[in-house]
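# An overview of the molecular structure
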Amino acid sequence: ASVWITSHHKGAITSRSDFDVLLAAFEARIGQRSDRLLEMIGADTRSLDELVAQRLLYPTSLAEGFVDSVERHTIAQHLDELQAQGRVRRLEDGRYQAAA
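Presented here is an overview of the structure given in this document. All figures in this text were calculated on a predicted structure; none of them were measured in a lab.

### Remarks on the sheet that holds strand 4 (residues 88-90)
The strands making up a sheet associate through hydrogen bonds between their backbones, and the pairing can be parallel or antiparallel. Ordered by their spatial adjacency, 3 strands build an open sheet running 3-5-4, and the pairing between neighbours is antiparallel. Two strands close off the open sheet at either side, each with one partner strand: strand 3 (45-46) and strand 4. Looking at chain direction, strand 4 and strand 5 (residues 96-98) are connected through 3 bridges and run antiparallel. By the bridge assignment for strand 5, Val88 is matched with Ala98. Contacting strand 3, strand 4 and strand 5, helix 1 (residues 16-41) crosses the sheet at an angle of about 105 degrees to strand 5.

### Some words on the packing of aromatic side chains
With the rule as written, the count across this model stands at 2 aromatic pairs. Between Trp4 and Phe19 the ring centres are 5.1 Å apart and the planes differ by 15 degrees, which places this aromatic pair in the stacked class. On the criterion of sequence distance, the pair formed by Trp4 in strand 1 (residues 4-5) and Phe19 in helix 1 is long-range, its members being 15 residues apart. Both residues of the pair, Trp4 and Phe19, count as buried. For the ring pair Tyr58 and Phe66, a centre distance of 5.6 Å and an interplane angle of 80 degrees mean the geometry is edge-to-face. Using a relative accessible area of 26% as the deciding quantity, one classes Tyr58 as partly exposed. Looking at Phe66, the relative accessible area reads 39%, which means it is partly exposed.

Calculation rules
All residue numbers here refer to positions counted from 1 along the written sequence of the relevant chain. The model is predicted, so local features are restricted to residues of pLDDT at least 70 and side-chain atom pairs to those at 80 or more, both for listing and for counting; the totals for chains, interfaces and linings are taken over all residues. To obtain the side-chain values, all non-hydrogen atoms of the structure were used and water was disregarded. When DSSP finds two or more bridges between a pair of strands, those strands are recorded as paired. Secondary structure elements are taken from DSSP: a helix is a run of H or I of four residues or more, a strand is a run of E of two residues or more, and numbering for both begins at the N terminus. What makes two residues a contact is simply this: any of their non-hydrogen atoms within 4.5 Å. Geometry is summarised by axes, namely lines fitted to C-alpha atoms with helices restricted to the contacting stretch, and by angles between N-to-C directions that run from 0 to 180 degrees. Working definition: a ring pair exists when centres of Phe, Tyr or Trp rings (six-membered ring for Trp) sit within 6.5 Å. Plane angles under 30 degrees give stacked, over 60 give edge-to-face, the rest tilted. The classification of residues rests on relative accessible area computed with a 1.4 Å probe and restricted to protein chains. Under 20% of the type maximum is buried, over 50% is exposed, and intermediate values are partly exposed.

This is how it looks when you write it as structure tokens:
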């Protein structure tokens, strides 16, 4: 490819090295979000609704209509990944718990 377009407002990227740097930063951000989500769960259990209310992506003061939907989708993806890694368990009642 000679041009890369992301959905994260970076514009057209025409340098492979620039793209690689941005991609590495995005990959690191995903890991940071997973770690933050584990912190949000803590030693307790949390429902998806509680985690959405705590906000992983956006500040709690932002009240735009799309925020809860984006938070819910993103947190669910992270929880799925953390479950696959054995770092989080989904309990019978649907709540999440960090693995010991």
